[in-house]
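Residue strings, one per chain:
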Amino acid sequence: MRNLLTYLPPFCAFFVFVSCGNPTETKESTATVQSTDSTSKYLSEPLITDHYTADPSAHVFGGKIYIYPSHDVESDVPEDDLGAHFNMMDYHVYSMDSPDGAITDHGKVLGAEDIPWAKRQLWAPDAAEKNGTYYLYFPAKDENDIFKIGVAVGDSPIGPFTAQPKPIKGSYSIDPSVFEDSDGTYYMYFGGIWGGQLQKYRNNKFEDKGSAPTDGLPADDQPALGPIIAKMNDDMLEFAETPKEIKILDENGKELLNGDNDRRFFEAAWVHKYGGTYYLSYSTGDTHFIAYATSDNPYGPFTYKGVVLNPVEGWTNHHSIVEVDGNWFIYYHDTQLSGKTHLRNIKVAPMKHFEDGSIQTITPVK
Ligand code: FUB
């Protein structure tokens, strides 16, 4: 594996965000990005330093990069294995003209109080654009503490967004990401185990098997649960089909097993297309890798290929992959600023595809 440094010179890889606006204000504020001390042990520096951000979903809309992250907050909810301490209540949107440029905080664009069905825990969102309308997709717990996925609509990538009165019919679990295929079809990928509740479902039906994070998971020698895919309706507000589970296979064509914690799916599914191949990347959760698998079909099956991003500081690892002017970047997070697992900060680093279709493994701490 070539070292990441071989790719860095054309890209000013190390950034630091100097200041930005009060997160409670909705007015825009722009920060300056500066090169940082080369003795830093981190591959990249936090993009936002005056509040906590995580799970960054980055897209290029109209030639500009927009980032849709979670907004982490301090909470009096005790930490547990179901992620109760990830008690987020709103979303901000950010933009950058380039990955090494200034970042603008466009302020709060949606809060739990604006979502009729959502009670708490606004986790990792994503956004999509279609025909000049923008859709913000987000998971939240309803009044029964069940995660559903909602959508809010806006005329601009920076909102404001108006939430639909109900969650997307047939949606469940967490971490929606919406991929636009080359033919203009949009697909949502979603799901996450443990606190993300995916293990409570089989064939889209809720079957609660207990409250421990692993209750409902297959036995270790059985196929692992995969992320879920559904084609989006023309209106982008509902699924156009019954959601289906995606299979992830090993090098011998066998499904990855539940006990294969280093490689099996946990949460944070993201799909990008490169050279006609679909790349599904995802977090392995308790082993903290961002892994990737490839397919010639958006529905899979996908074949496991390796690791995009080695573990970051902090328990969670969650990313997005975006092409900007012909170069590829990974947005991710760690806990550099706080040292606390639920108070994260987003970052960006270059990412490289090799000619054989593999992706260079990035190590976020030197
Ligand atoms: O931010 C809350 C949850 O943590 C996300 O939904 C997961 O992917 C993990 O990053």
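Everything below is about the structure printed above this text.
Heads up: these notes are all about the structure in this document.

## Things to note about the overall build of the protein
Argument step 1. Across its full length, the protein carries zero helices and 25 strands.
Argument step 2. Scored against the burial criterion, the 366 residues of the protein give a buried share of 59%.
Argument step 3. Partitioning the contacts of the protein with sequence separation of at least 6, the portion at a separation of at least 24 is 56%.
Argument step 4. For the protein, the computed accessible surface area is about 14300 Å², with 47% contributed by carbon and sulfur atoms.

## Focus on the pattern of salt bridges
Argument step 1. Under the counting rule described, the total for this entry stands at 18 salt bridges.
Argument step 2. Here Lys244 makes a salt bridge to Glu241, at a shortest N to O gap of 3.5 Å.
Argument step 3. Put simply, Lys247 and Glu255 hold a salt bridge, and the shortest N to O gap is 3.8 Å.
Argument step 4. The exposure class of Lys247 is partly exposed, given its relative accessible area of 35%.
Argument step 5. Residue Glu255 is classed as partly exposed on the basis of its relative accessible area, which comes to 28%.
Argument step 6. Sharing partners across several salt bridges, the network here consists of Asp55, Asp72 and Arg344.

## Some thoughts on the site of the ligand
Argument step 1. Taken together, the residues surrounding the ligand are Asp55, Ser70, Met88, Trp123, Ala124, Ile174, Asp175, Glu267, Thr316, His318, His333 and Arg344.
Argument step 2. At a separation of 2.5 Å, an oxygen atom of the ligand approaches a polar side-chain atom of Asp55.
Argument step 3. His318 has a polar side-chain atom sitting 2.6 Å from an oxygen atom of the ligand.
Argument step 4. Here the ligand, which alone exposes 270 Å², has 99% of that area covered by the protein.
Argument step 5. Its residues placed into classes, the shell around the ligand shows four nonpolar, four polar and four charged.

## Some words on the environment of Asn297
Argument step 1. Secondary-structure assignment places Asn297 in the loop between β21 (290–295) and β22 (302–309).
Argument step 2. Distance from Asn297 to Thr277, taken between C-alpha atoms, is 7.8 Å for residues 20 residues apart in sequence.
Argument step 3. Within the local environment of Asn297, its side chain forms a polar contact with the backbone nitrogen of Tyr299, the two atoms lying 2.8 Å apart.

## Quick notes on the sheet that holds strand β16 (residues 228–231)
Argument step 1. Reading across from one edge, β12-β13-β16-β17 is the order of the four strands in this open sheet, with antiparallel pairing throughout. With one partner strand each, in any of the chains shown, β12 (177–180) and β17 (244–245) form the two edges of the open sheet.
Argument step 2. One ladder, built from four bridges, connects strand β13 (residues 186–190) with β16; its direction is antiparallel. Residue pairing for β16: Met188 is matched across the bridge by Ala230.

Reading guide: rules and limits
Residues numbered from 1 in each chain as written. Predicted model: local features only at pLDDT ≥ 70, side-chain atom pairs only at ≥ 80, totals over all residues. Heavy atoms only, no water. Helix = DSSP H or I, 4+ residues; strand = E, 2+ residues; numbered from the N terminus. Buried < 20%, exposed > 50% of the residue type's maximum accessible area, 1.4 Å probe, protein only. Contact = heavy atoms within 4.5 Å. Areas by Shrake-Rupley, 256 points an atom, 1.4 Å probe, with all protein chains shown as cover. Salt bridge = Lys/Arg side-chain N within 4 Å of Asp/Glu carboxyl O. Near = heavy atom within 4 Å. Polar contact = N/O pair within 3.5 Å; in protein donor to acceptor, adjacent residues only side chain to side chain. Nonpolar A, V, L, I, M, F, W, Y, C, P; charged D, E, K, R; others polar. Pairing = 2+ DSSP bridges.

None of this, on its own, says anything about what the molecule does.
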